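Here is how the chains run, residue by residue.
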Amino acid sequence: MVKITQEEHDLFCQYIQALSGIHLDGSKAYLLETRLASLLEQERCTCFAELYHKAKHLGGETLRQKIIDRISTNETLFFRDKRPFELLQHKIIPDLIDARKAASSGFFPTPIRIWSAACSTGQEIYSVAIVLRELLQDLNGYRIQLLGTDLSNTAIARASRGEYNQFEIKRGLSEDTLKKHFTFNGNAWKINDDIRAMVSFKKTNLMLPFDGLGKFDIVFCRNVGVYFNMTDRKKLFSNISRAMEKDGYLIIGATESLINVDPQYEPRRYLRSVFYQLK
Ligand SMILES: C[S@@+](CC[C@H](N)C(=O)[O-])C[C@H]1O[C@@H](n2cnc3c(N)ncnc32)[C@H](O)[C@@H]1O
């Protein structure tokens, strides 16, 4: 296998951080080497410096995407960490509906906009859709918009297909939920059309301005900020604050915290769950 030099490693780290915010430290040389090895071969490059040059100056968006796809971690599962979805069901959605109904005097469908800000292959936002579908039963009284975004084209394409293999299905879905909301097509389990129709997907880089997405009542931004350095993490959550309604809700990963990241957010607790709101 072609070895990466320290200089090449540093060049790639800076490049990947500029493209995606993903921060790779000096101890991860093996990661770059192993994850980019097959791409090096595909692109017929003899060393990492050549691949870097090709990506930066010649390769265009396709090669850059391939690098990001190999470096980013797309690990996800249905109903990951469970509690955020219980929180959604028992606290956030009921409170939100009360607040929106009070504000609109009940004449119009209640708007609910939810964003999964690094949705990977879609399990997070489909889990949200399943909670809403089961909780609200008749969706006619609501104008629901669920959006999943990710930097990876491959992840977005998979999320959009809504098809999952046996291994992915086994992670987080009960038998009952599987039977109710998925259909086996002989090859994979496909999310049913009523759930699929509630969600749209869009490629979005969280390191670039995303004002065009509008404002959301609830934002899930889980397990992505952990890959950024503190400067980029601060930028991310500051940008997210502008994409939230004033009384909106932010849910971050189980191992993450906004303490020392962004003072605009107030942590709130419900049973054993934490969510954030703007002060
Ligand atoms: C570990 S997954 C988290 C998926 C899901 N939120 C969860 O918690 O299960 C991290 C995702 O962040 C995406 N990502 C990394 N950098 C990004 C960026 N700058 N903009 C948008 N998405 C990014 C990756 O492509 C990957 O799909």
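Residues take numbers from 1 onward in each chain, read along the sequence in its written order. Local features in a predicted model are, by the rule used here, given only for residues with pLDDT of at least 70; side-chain atom pairs are given and counted only at 80 or more, and totals for whole chains, interfaces and linings are based on all residues. For side-chain calculations, the full set of non-hydrogen atoms in the structure is used, while hydrogens and water are omitted.

1. Looking at the overall build of the protein
Our working definition: Numbering of helices and strands runs from the N terminus; a helix is a DSSP stretch of H or I covering at least four residues, while a strand is a stretch of E covering at least two. The size measure is the radius of gyration over C-alpha atoms, and the globule rule it meets is 2.2 Å times the number of residues to the 0.38 power. Whether two residues touch is decided by their heavy atoms; if any such pair falls within 4.5 Å, the residues are in contact. For the area figures, the Shrake-Rupley method with a 1.4 Å probe applies, and any residue is considered shielded solely by the protein chains shown.
If you tally the helices and strands in the protein, you get 11 helices and 10 strands. Expected size for 279 residues packed as a compact globule is a radius of gyration near 19 Å; at 20 Å, the protein falls within 12% of this value. Taken along the three principal axes of its C-alpha coordinates, the protein extends 65 × 50 × 30 Å. Considering only contacts in the protein between residues 6 or more positions apart, those separated by 24 or more positions represent 73%. Only carbon and sulfur atoms are counted for the fraction: they give 52% of the accessible area of the protein, which is about 14000 Å².

2. Some remarks on the domain arrangement of the protein
Heads up, the condition is: Domain segmentation is taken from an automatic or database assignment of domains. Buried area is understood as the total, over both parts, of accessible area removed when two parts are fitted together, assessed with a 1.4 Å probe.
The assigned domain composition of the protein is domain 1 (6-71) and domain 2 (83-278). Centre-to-centre separation of domain 1 and domain 2, based on C-alpha positions: 30 Å. If you look at the interface, domain 1 gives 10 residues, while domain 2 gives 11 residues. Taken together, both faces of the contact between domain 1 and domain 2 bury some 810 Å²; the carbon and sulfur share is 43%.

3. Focus on helix α1 (residues 6-20)
Because each turn of an α-helix spans 3.6 residues, side chains separated by three or four positions end up pointing in the same direction. Condition: Under the convention used throughout, the expected extent of a helix is 1.5 Å for every residue step, that is, one less than its residue count. Partly exposed describes any residue whose relative accessible area lies between the buried limit of under 20% and the exposed limit of over 50%, with all areas from a 1.4 Å probe on protein chains only and scaled to the type maximum.
Under the 1.5 Å per step criterion, the end-to-end length of α1 is 21 Å for 15 residues, consistent within 8% with the ideal 21 Å. Within α1, burial applies to Glu8, His9, Phe12, Cys13, Tyr15, Ile16 and Ser20. Structurally, α1 contributes buried residues whose contacts are with α2 (29-42), α3 (48-58) and α4 (60-71). The first or second residue beyond α1 is Gly21, which carries a positive phi of 85°.

4. Thoughts on the site of the ligand
Put simply, the test is: In these notes, residues near a molecule or strand are those with any non-hydrogen atom within 4 Å of it. Whenever a nitrogen or oxygen atom comes within 3.5 Å of another N or O atom, the pair is scored as a polar contact, on the condition that within protein one atom can donate a hydrogen and the other can accept it, and that pairs from neighbouring residues in sequence are kept only if both atoms are in side chains. Put simply, Ala, Val, Leu, Ile, Met, Phe, Trp, Tyr, Cys and Pro go in the nonpolar bin, Asp, Glu, Lys and Arg in the charged bin, and everything else, Gly too, in the polar bin.
In the vicinity of the ligand lie 21 residues, with Ser20, Asn74, Thr76, Asp150 and Asn223 positioned nearest. Residue Ser20 places a main-chain N or O atom 2.6 Å away from a nitrogen atom belonging to the ligand. Asn205 is positioned such that a nitrogen or oxygen atom in its side chain is 2.9 Å from a nitrogen atom of the ligand. Its free accessible area being 610 Å², the ligand has 99% of it covered by the protein chains. Looking at the shell around the ligand residue by residue, the classes come out as 6 nonpolar, 10 polar and 5 charged.

5. Some thoughts on the nonpolar core
Definition in use: What is meant by a nonpolar core is a set of buried Ala, Val, Leu, Ile, Met, Phe, Trp, Tyr and Cys residues, joined one to another through side-chain atoms within 4.5 Å.
Judged by nonpolar contacts, the single largest core of 45 residues is most densely connected at Phe12, Trp115, Phe237, Ile240 and Leu250. Those elements that place two or more of their residues in this core are α1, α2, α3, α4, β7 (216-221), α11 (230-242), β8 (244-252) and β10 (273-278). Here this core spans two domains, and each of domain 1 (6-71) and domain 2 (83-278) adds at least three residues to it. Beyond its immediate stretch of four places on either side in the chain, Phe237 contacts Cys221, Leu250, Ile252, Leu258, Val261, Asp262 and Tyr265. Counting 41 residues, the second largest nonpolar core, distinct from the first, contains Tyr142, Ile144, Leu173 and Phe220.

6. Considering the pattern of salt bridges
How we decide: Think of a salt bridge as a Lys or Arg side-chain nitrogen and an Asp or Glu carboxyl oxygen that are within 4 Å of each other.
Across all of its chains, the model carries 15 salt bridges by this definition. Among the ionic pairs, Glu168 bridges to Arg158, the shortest N-O distance being 2.9 Å. One end of the pair, Glu168, is in helix α8 (residues 166-170); the other, Arg158, is in helix α7 (residues 153-161), with 10 residues separating them in the sequence. By relative accessible area, which is 14% here, Glu168 ends up buried. The class for Arg158 is partly exposed, based on a relative accessible area of 22%.

7. A short note on the sheet that holds strand β3 (residues 163-164)
What links the strands of a sheet is backbone hydrogen bonding, and the strands pair in either a parallel or an antiparallel sense. We apply this condition: DSSP-based pairing: two strands are paired if at least 2 bridges between them are found.
Taken in spatial order, the 3 strands line up as β3-β5-β4 in an open sheet, and their pairing is antiparallel. On the outer flanks of this sheet lie β3 and β4 (182-184), each paired with one strand and no other. For β4 and strand β5 (residues 189-191), the ladder comprises 3 bridges, and the chain directions are antiparallel. When the bridges of β5 are listed, Phe184 appears paired with Trp189.

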